[in-house]
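# Structure at a glance
One-letter residues, chain by chain:
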Amino acid sequence: MKKGKVLGLLAMSAVLLTGCVDSMPELTDEQSDIIAEYAAGLLLKYSPNYNYKIASEEEVAAATAAARVEVPEPETEQEAETDQAQTGQETDQGSLSPETQEAGTEQVQPAADLDFAAELGIDDLIIQYQSFEICNSYPQDNTGFSVDAAQGKKLLVMHFDLEGLPEEDVDCNLFDYDIKMRVNINDTVSATVLTTLIPNDLASYMDVVKAGEMVDVVAVAEIDDMTEEEIQTLILRAASGAQTCAVQLK
C-alpha cells in the first residue's frame, strides 16, 4: 500500500512537471531546497528499508554527554589572559635589564685590576675602582654643585681612577655611553646610582684627559643610614648598551 502511494506521488509529480513546465514559476534556491528536503522526507518515510522513529530522551541525553566529553570547552577570557601572562614571564626570564636585576647568574668579578672601561666597551680609557666612603653630602667642601642625602639617609660615594692614553690626550665624553649602575649591599639592600651634575660624575664626565693623567671620578648612591663598618659586601652592577658587568667592591 505504501509503495503504491509513493509511485502515485512520483507519477503525479511527473505529470505536473511535463504538463505545466511553461507556466511553472521560477523558484529561489531556498524554495528549491525546501521542496527537495520535503520530497526526500516523504521517500524515506514510506521506504520499507528505512526505520523512521523519534529518538528517546535517554538517547538524546547520552549523545549530548558524549559530545561534551569529545569537544573541550573554550577557555574563558580570564584563563586566556593568565596563560598569556605566564607565557610572557617565561619569555622574559633571563632578559632582565642590569638596572632591575638584583641577583642572577652573571659572573661577579673582583674589583682588583678590573678595567670598567674595557668591560663596558669604552675606548681609549682605563677606569679602575679605588675606594668608597659614606657621607651626608658630596663634595663636602660645598664648592660648586653638590649632592645632599635626604633626612635619615646617607650617600655612598664610590671613587674610580680614570686614566687616558699614555702618549696623547683623550677627549673624554662618558655621557654618550649612557652608563647605568646599581649597588647591592650585604646581599639585601639595593640602590640605584644617582644621576648628578657633579663635574666628576662617572656617568657624565666630559673633559680632555691629558696624556698619562689620572682623574678621580665618582658614582653616588643614596642608601639607608649606616656606617662603613656595617657594609660587609658591596657589589656594583653596571651597563652600557649591551655591555654589562658585576663587580665585587668589598
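This section reports on the structure supplied with the text. Here the structure is a predicted model, which means the values were calculated and not measured.

### A short note on the nonpolar core
Taken as a class, soluble globular proteins show a tendency for nonpolar side chains to be buried jointly. Of all hydrophobic cores here, the largest spans 41 residues; its most connected members are Leu156, Met158, Phe160 and Leu162. Of all the secondary structure elements, the ones that give two or more residues to this core are helix 5 (116-119), strand 2 (126-135), strand 5 (153-163), strand 6 (170-173), strand 7 (180-185), strand 10 (214-224), strand 11 (234-240) and strand 12 (243-248). Per element, the largest residue contribution to this core is 5 residues, and it comes from strand 10. Setting aside anything within four residues of it in sequence, one finds Leu162 in contact with Leu125, Ile126, Ile127, Cys172, Leu174, Tyr205, Val209, Glu213, Met214, Val215 and Val217.

### Some points on the sheet that holds strand 2
Taking strand neighbours across the sheet as the criterion, the 3 strands line up as 2-5-10 in an open arrangement whose pairing is antiparallel. A strand with exactly one partner marks an edge of an open sheet, and here the two such strands are strand 2 and strand 10. Within the sheet, the average angular offset between the axes of one strand and its neighbour, ignoring direction, is 20 degrees. As paired elements, strand 5 and strand 10 share 11 bridges and run antiparallel to each other. Across the sheet, residue Lys153 finds its bridge partner in strand 10, namely Asp224.

### Notes on unusual backbone geometry
Residues other than glycine predominantly adopt negative phi, and peptide bonds predominantly adopt the trans conformation. Cis geometry marks the peptide bond from Tyr138 to Pro139; its omega dihedral reads -10 degrees. Counting through the fold element by element, Pro139 comes out in the loop between strand 3 (137-138) and strand 4 (147-148). Its identity as a non-glycine residue notwithstanding, Asp124 has a phi of 65 degrees, on the positive side. With respect to the helices and strands, Asp124 occurs in the loop between helix 5 and strand 2.

### Points about the side chain of Lys154
Its location among the elements puts Lys154 in strand 5. Despite its burial, Lys154 remains without a salt bridge, the nearest opposite charge being carried by Asp225 at 4.3 Å. Of note is the side chain of Lys154, whose polar atom sits 2.8 Å from the side chain of Asn136. In this view, Lys154 contacts Ile134, Cys135, Asn136, Ala149, Ala221, Glu222, Ile223, Asp224, Asp225 and Met226; residues no more than four positions away in its chain are not counted.

### A look at the sheet that holds strand 7
A sheet is described by the order of its strands in space; here 5 strands give the open sequence 1-12-11-7-8, paired in mixed fashion. Strand pairing shows two members of the sheet lacking a second neighbour, strand 1 (108-110) and strand 8 (189-192), which therefore form its edges. Along the sheet, successive strands turn relative to each other by an average axial angle of 25 degrees, direction set aside. Pairing analysis gives 6 bridges linking strand 7 to strand 11, with the strands arranged antiparallel. Counterpart to Met181 in the pairing with strand 11 is Ala238.

Definitions and cut-offs
Residues numbered from 1 in each chain as written. Predicted model: local features only at pLDDT ≥ 70, side-chain atom pairs only at ≥ 80, totals over all residues. Heavy atoms only, no water. Core = buried A, V, L, I, M, F, W, Y, C linked by side-chain atoms within 4.5 Å. Buried < 20%, exposed > 50% of the residue type's maximum accessible area, 1.4 Å probe, protein only. Helix = DSSP H or I, 4+ residues; strand = E, 2+ residues; numbered from the N terminus. Contact = heavy atoms within 4.5 Å. Pairing = 2+ DSSP bridges. Axes fitted to C-alpha atoms, helices over the stretch in contact; angles between N-to-C directions. Lys, Arg positive; Asp, Glu negative; His and termini not counted. Salt bridge = Lys/Arg side-chain N within 4 Å of Asp/Glu carboxyl O. Polar contact = N/O pair within 3.5 Å; in protein donor to acceptor, adjacent residues only side chain to side chain.

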